[in-house]
Amino acid sequence: MDWGALHTILGGVNKHSTSIGKIWLTVLFIFRIMILVVAAERVWGDEQDDFVCNTLQPGCKNVCYDHFFPISHIRLWALQLIFVSTPALLVAMHVAYRRHEKKRQFRKGDQKCEYKDIEEIKKQRFRIEGSLWWTYTSSIFFRLVFEAVFMYAFYFMYDGFRMPRLMKCNAWPCPNTVDCFVSRPTEKTVFTIFMIAVSSICILLNVAELCYLLTKFVLRRSKKAGNSKHQPNHENKEETKQNEMNELISDSCQNTVIGFSS
Amino acid sequence: MSWGFLRDLLSGVNKYSTRIGKIWVAVVFVFRLLVYIVAAENIWKYEHDEFECNSRQPGCENVCFDHFFPVSHIRLWALQLIMVSTPSLLVVFHVAYRENREKHHNQKLYKSPGKIDGGLLCTYLISLILKTGFEIVFLVLFYKLYNGFKVPRLVKCDMRPCPNTVDCYISKPTEKMIFLYFLAAVSCLCIVLNLSELSYLIFKHSIKCYLKRYIKKRQ
């Protein structure tokens, strides 16, 4: 159980995402999670062992390390990745719930259900419309919020994104002021800047996706309004009513059980 | 045999859970199991090596560490995860028993072996009560053993063979405290989810029973 399990869960969401969403998922897995696991964890692996203070006073190193690194970069990134991936689970649950509904309709032998077998339902790709649009848009919004919060937390806790070579510590029990040296500061700075840059790219991708979805929504609405204005005859009124009914049926959510997407 | 086993177990349980039960499984997966494996484990990895006492007396550090950490936070966390996930096995076993019975008698005995009604409802309710119980027990244990969820920077130790009272310093206390508060918060969330699921099932079942009785009376 590790990042691979998250990959399995989110992989299911990929099918129902927009193109920008797919790019975001790829960037997340390759440039953030993979880099974290294969590189960053090694760089920060010996952080406390090799944090050296210019004193023999027992306890001074521990206290100074705790003072300058209340929560390690690597743990903050892990939490950020978990929180940023979680909204996509909402979409996965919604899709699984819709699939479950369609399977139920199919098993009941509903004539409105146009699938030939259950396998087709499992492989079907849902369009981002109706309630799924709202779930998807909320998930992007929450992703943005979490990214921004963690970036700010980083900046606030570490006074910028640079890792200094030397820190002056005068926390008790250190005698007077003591010089403490961080291990691999340049490498850590490079990786911090890299992770921040990729976070920024992910933020931009999320903003672009949000704008795309909003634009699509507005265009669809204006098309519907345009259609109803230009052809106000009785037949089209019935057609639009039938379309609304169909949307209501496909979006109904009464007495159903949500599950993970496989 | 590792945490992957727990993951498979929880995936199996997910099939027979209610809506709230599925949210509980998701919370346990993502905010407890995943956080434990990718972040928390590494914080406590070298806790003994990095525990330092202001004394050169051999054995003093060992004795003090053992005195202040009878069971390490991270081990308690792992035990809590395992104990809290295990009651769900009762439900899985009961469903397997139902399916076995149907096979044995070669006829349909239940509307659906996985539907939560009759005996399976009792098993499900018992598993919810056990889950909640374990959560509360571990939270109380954490609180009692470590005097709350705070991790101090400095502890004063006067166990033999340490000479007089000696200052001992814990490594990464702030980081440990942050993760312990996170653990406590997610535990409380899981307790709330379990209690809501319990109330929902009891309420639903009572309404069903009441309606059945009402229809029978009218007939």
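What you see is a predicted model; the values in this text were computed from it and never measured.

## Comments concerning the overall build of chain A
Here comes step 1: Within chain A, the regular secondary structure consists of eight helices and three strands.
Here comes step 2: Shown N-terminal to C-terminal, the secondary structure of chain A runs as helices and strands in the order α-α-β-α-α-α-α-β-β-α-α.
Here comes step 3: Looking at the 262 residues of chain A, the share that counts as buried comes to 46%.
Here comes step 4: Expressed as a percentage of contacts within chain A between residues at least 6 apart in sequence, the contacts between residues at least 24 apart total 77%.

## Regarding the pattern of salt bridges
Residue and element names in this part refer to chain A.
Here comes step 1: Counted under the stated rule, the structure contains 10 salt bridges over all chains.
Here comes step 2: Its salt-bridge partner being E47, residue R75 comes within 3.6 Å of it at the nearest N-O pair. With R75 in helix α4 (residues 73-108) and E47 in the loop between α2 (19-43) and β1 (52-53), the pair connects residues that are 28 residues apart, well separated along the chain.
Here comes step 3: The closest approach of N and O atoms between E209 and R143, which form a salt bridge, is 3.9 Å. Here E209, found in helix α7 (residues 185-230), pairs with R143, found in helix α6 (residues 131-158); they are 66 residues apart in sequence, far enough to count as distant.

## Comments concerning unusual backbone geometry
It is generally the case that most residues other than glycine have a negative phi and that most peptide bonds are trans.
Here comes step 1: Note the cis peptide between W172(A) and P173(A), where omega equals 15°.
Here comes step 2: For P173(A), the position within the fold is in the loop between β2 (166-169) and β3 (178-181).
Here comes step 3: Note that the residue after R160(B), namely P161(B), is joined by a cis bond; omega there is 5°.
Here comes step 4: Structurally, P161(B) can be placed in the loop between β2 (154-157) and β3 (166-169).
Here comes step 5: Look at R184(A): it is not a glycine, yet its phi comes out positive at around 50°.

## Quick word on the UniProt feature "domain: Connexin N-terminal" (unreviewed entry) in chain A
Here comes step 1: Per the UniProt record, "domain: Connexin N-terminal" (unreviewed entry) is found at residues 42-75 of chain A.
Here comes step 2: For residues 42-75 of chain A, helix accounts for 41% and strand for 6%, while the C-alpha atoms at its two ends are 13 Å apart.

## Section: the interface of chain B and chain A
Here comes step 1: With 37 residues of chain B in contact, the opposing surface of chain A contributes 36 residues.
Here comes step 2: Across the chain B to chain A interface the summed buried area is about 3300 Å²; carbon plus sulfur atoms make up 65%.
Here comes step 3: Seen at the junction of chain B and chain A, the total is two salt bridges.
Here comes step 4: A salt bridge links E175(B) to R75(A); the shortest N-O distance between them is 2.8 Å.
Here comes step 5: Counting across the chain B and chain A interface gives eight residue pairs in polar contact (both at pLDDT 80 or more).
Here comes step 6: In terms of residues, the side of chain B that touches chain A owes the most to one element, helix α2 (residues 19-43) of chain B, which gives 15 residues.

Calculation criteria
- Counting restarts for each chain: residues are numbered from 1 in the order of the written sequence.
- Written order decides the labels, with chains lettered from A and ligands numbered from 1.
- Selection of residues for local features in this predicted model requires a pLDDT of at least 70, selection of side-chain atom pairs for listing and counting requires 80 or more, and totals for whole chains, interfaces and linings are taken over all residues.
- Side-chain descriptors were evaluated using all non-hydrogen atoms of the structure, hydrogens and water having been removed beforehand.
- For helices the rule is a DSSP run of H or I covering at least 4 residues; for strands it is a run of E covering at least 2, with both sets numbered from the N terminus onward.
- Summary of the burial criterion: residues with accessible area below 20% of their type's maximum are buried, those above 50% are exposed, and those between are partly exposed, where the area comes from a 1.4 Å probe applied to protein chains only.
- By definition in these notes, contact holds between two residues if any of their heavy atoms fall within 4.5 Å.
- We count a salt bridge whenever a side-chain nitrogen from Lys or Arg sits within 4 Å of a carboxyl oxygen from Asp or Glu.
- UniProt positions are given in the numbering used here, feature names are shortened, and annotations may be inferred rather than shown by experiment.
- Buried area: the accessible surface (1.4 Å probe) lost by two parts on joining, summed over both.
- By the criterion applied in these results, polar contacts are pairs of N or O atoms within 3.5 Å in which, for protein atoms, one can donate a hydrogen and the other can accept it, and in which residues neighboring in sequence qualify only through two side-chain atoms.

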